[in-house]
Protein chains: 2
Amino acid sequence: MTQTTANFADRLLDAIEAKGSPVCVGIDPKYDQLPPALAAGAGPRGGADADASAQLARIGEFCWQVLEAVAPHVPAVKPQSAYFEAYGAGGVETYFQVVRWAHELGLLVIGDAKRNDIGPTAEAYAAGHLAGPDKADSLTVNAYFGIDGLKPFLDVCSAQGKGAFALVRTSNRSAGQVQDFANAEGKKLYEHMAELVAGFGDAAGLVGRRGYSSLGAVVGATWPQEARRLRQLMPRQIFLVPGYGAQGASASDCAACFKDDGTGAIVNAGRSVIYAHRQAEYADLPWHKAVQRAAKAFAEDIKKAVTAVVRSS
Amino acid sequence: MTQTTANFADRLLDAIEAKGSPVCVGIDPKYDQLPPALAAGAGPRGGADADASAQLARIGEFCWQVLEAVAPHVPAVKPQSAYFEAYGAGGVETYFQVVRWAHELGLLVIGDAKRNDIGPTAEAYAAGHLAGPDKADSLTVNAYFGIDGLKPFLDVCSAQGKGAFALVRTSNRSAGQVQDFANAEGKKLYEHMAELVAGFGDAAGLVGRRGYSSLGAVVGATWPQEARRLRQLMPRQIFLVPGYGAQGASASDCAACFKDDGTGAIVNAGRSVIYAHRQAEYADLPWHKAVQRAAKAFAEDIKKAVTAVVRSS
């Protein structure tokens, strides 16, 4: 198969430059956290939506308005598959609708589904979640299987200009139970995983004209010291960085994931942007205006921190 | 939430005893591998089905007939979510239809989806794939996040009599790239993961009257030496054992995953059963008869190998 579109890493870095900030917004819709005006106001008798399909319709409406609000300020969004899968097949339909809407608005899509398996099974996941123009531009994956688990995804990446982000160092508190397991030289599993990912990402057809690979890495912002080390171990990986905002990491924590030239990472914020209506500073605004303002503030906060990295180097 | 049904480990072991063999059949439907009589014969003008929804209808028909054929011989089936997700939302609808059909036929369902995430996101996966009577009885999960990633699934297990199987030692060739990473004492990551899983599985509400936990472990049959060691490290885990048949492991390789009393594991076979029509010995049979005969032969092969373990101990 010939490559039908440009390398994903190049596409992502171009989009970041065009929008002026290396950020993406996590589309993590939970019905009980939707803005009251949206969730209850339009329901039957002004109350909560009674059944799953009514909730899902409201979730779809919420996602569309969030996408419209953030599109001018961010290059990419990261819809979280789990929140859609919670509603079964109908939710999955809405997930793919969100992917198409994001594309219509000129946004790149990082599908957050953390799929993992081997051989024909991983091929089926890649077909369902990554292959073709109506699917996400890139997908999060879990590399516990080694290269057998990544290759089917990477084949789609090189053939179709798509990307993948492998879990390396996750942002959660118990990450170390598994990821800090260390060998005799003190190398930890997440560093070993980083070296594997760096190697896999150099495969034919993955590295773009800017020197980055379409195989990126998930590196939590909650561990800035480790991020600096991982930045060295994975020179050609774009880091997808969770942990900002609701999970406690600051913009300067996130900055540890970037190179001295200010490239090499994209920072995600979900709840702190899409549920901005709950924050005191945005309380007087219509909820979608609050989302827009929070997205803009998030993008500027990260831009400032990354600019400081570039200046100090 | 009170537990509405019996502990999953007890339910699974009871079902194994009732059917007489510790096996499950992997429901891994790929359109281009369906029996010719089913795939082409009923299509328009006798040719291949033209579009995805026609293929999916045929896949649904195939799954129903496979379930009917194997139900008298095996206690459980393991539908692989990826093959359904390859068809988008419609495929997911078919997956849940397969789960319901399996339940109607009295089969336990191990949903093979290898989901993984943390906190509210993992809760959403557990809600979508495990919670409620119309969902699978148990789900495969990937524990790279540590306990943060497993807890939301385990909460559903203890509240609703469901189960989970965490990846410990996978059956694929490159498994060792990640899973053989060893500490200073020579302990490998998969052994460390086994110890973590054994600990997590002892949490309140998970261990049933037979002494097994609702949190089991995926342990590939392709590594029998390691399986024996893992059997010691995880005394209360039921092993879900892939690798038999198409992947190259024999019944006596699989037997290494069982305790001396013949309990403690369930062996999966997918392609070698559901595509039995391609094997010379079944070539003269209608394809669903071939599936039935292959399921019966598989169940007897494993039963014999496990009985040998019991006798020799």
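Residues numbered from 1 in each chain as written. Chains lettered and ligands numbered in written order. Predicted model: local features only at pLDDT ≥ 70, side-chain atom pairs only at ≥ 80, totals over all residues.

### What about the overall build of chain A?
How we decide: Per the convention used, a helix needs a DSSP run of H or I reaching at least four residues, while a strand needs a run of E reaching at least two, with both numbered from the N terminus. Our radius of gyration looks at C-alpha atoms and nothing else; its globule reference is 2.2 Å times the residue count to the power 0.38. Exposure criterion: with C-beta atoms placed from backbone coordinates, a residue whose C-beta has 20 or more other C-beta atoms within 10 Å is buried, one with 12 or fewer is exposed, and one in between is partly exposed.
Within chain A one finds 13 helices and 8 strands. Taking 20 Å as the expected radius of gyration for a compact globule of 313 residues, we find that chain A reaches 19 Å, a close match to that expectation. For the C-alpha atoms alone, the extent of chain A along its principal axes is close to 65 × 45 × 40 Å. Across the 313 residues in chain A, those meeting the buried criterion constitute 60%.

### A word on the interface of chain B and chain A
The line we're drawing: Placing C-beta atoms from the backbone, we regard two residues as in contact once those atoms come within 7 Å.
In this complex, chain B contributes 44 residues to the contact, which on the side of chain A involves 44 residues. Among the secondary structure elements, those contributing two or more residues to the side of chain B that touches chain A are helix 4 (81-85), helix 5 (88-104), helix 6 (119-129), helix 7 (147-160), helix 8 (175-179) and helix 9 (189-200) of chain B. Among the elements that make up the side of chain B that touches chain A, the one with the highest residue count is helix 6 of chain B (6 residues).

### Observations regarding the sheet that holds strand 6 (residues 215-219) of chain B
Residue and element names in this part refer to chain B. Rules: Strands pair, by our definition, only if DSSP identifies at least two bridges between them. Think of each axis as a best-fit line through the C-alpha atoms, taken over the contacting stretch in the case of a helix, with angles from 0 to 180 degrees between the N-to-C directions.
Pairing in this closed barrel of 8 strands is parallel, and the strands run 1-2-3-4-5-6-7-8 around the ring. Averaged over all pairs of adjacent strands, the angle between strand axes in this sheet comes to 30°, irrespective of strand direction. Summarising the sheet, strand 6 and strand 7 (residues 239-241) pair through 2 bridges and their orientation is parallel. Note that in strand 7 the partner of Ala217 across the bridge is Phe239. Docked against the sheet, helix 9 engages strand 5 (163-169) and strand 6, running at close to 160° with respect to strand 5.

### A word on the relation of the copies chain B and chain A
This is how it is decided: The copies were overlaid by least squares, fitting only the C-alpha atoms of residues that reach a pLDDT of 70 or more in each copy.
Overlay of chain B on chain A (RMSD 0.0 Å): rotation 180°, translation along the axis 0.0 Å. Viewed as a symmetry operation, the transformation between the two copies matches a two-fold axis. An overlap of 100% is found between the interface residues of chain B and their copies at the interface of chain A, pointing to a shared contact surface.

### Some details on the packing of helix 6 (residues 119-129) of chain A against helix 7 (residues 147-160) of chain A
Residue and element names in this part refer to chain A. Short version of the rule: Geometric relationships in this document are graded by angle, where less than 35 degrees denotes roughly parallel, more than 145 denotes roughly antiparallel, 65 to 115 denotes roughly perpendicular, and other angles denote oblique. A crossing counts as left-handed when the near helix is turned anticlockwise from the far one by less than a right angle, and as right-handed when that turn is clockwise. Gly is put with the polar residues, along with every residue not named as nonpolar or charged; the nonpolar set is Ala, Val, Leu, Ile, Met, Phe, Trp, Tyr, Cys and Pro, and the charged set is Asp, Glu, Lys and Arg.
For the pair helix 6 and helix 7, interaxial distance at closest approach is 8 Å and the crossing angle is 40°. If you check the angle between helix 6 and helix 7, you find them oblique. The handedness of the crossing between helix 6 and helix 7 comes out as right-handed. Between helix 6 and helix 7, the contacting residues are Gly119, Ala122, Glu123 and Ala126 on the first element and Asp148, Gly149, Pro152, Phe153 and Val156 on the second. Class assignment of the residues belonging to the contact of helix 6 with helix 7 gives a composition of 5 nonpolar, 2 polar and 2 charged.

### Points about the sheet that holds strand 8 (residues 265-269) of chain A
All names here are of chain A. Strand order in the closed barrel made by the 8 strands is 1-2-3-4-5-6-7-8, with parallel pairing throughout. Neighbour to neighbour, the strand axes of the sheet diverge by 30° on average, direction disregarded. Bridge count between strand 5 (residues 163-169) and strand 6 (residues 215-219): 5 bridges; the pairing is parallel. Opposite Leu167, over in strand 6, you have Val218 as the bridge partner. Sheet strands touched by helix 9 (residues 189-200): strand 5 and strand 6. Its angle to strand 5, the strand with the most contacts, is close to 160°.

### So, the confidence of the model for chain A
Note the following rule: Known as pLDDT, the predictor's per-residue confidence is scaled from 0 to 100.
Summing up the model confidence of chain A, the mean pLDDT is 93 and the portion of residues at 70 or higher is 95%. Of the two predicted TM-score estimates for the complex, the pTM is 0.96 and the ipTM is 0.95.

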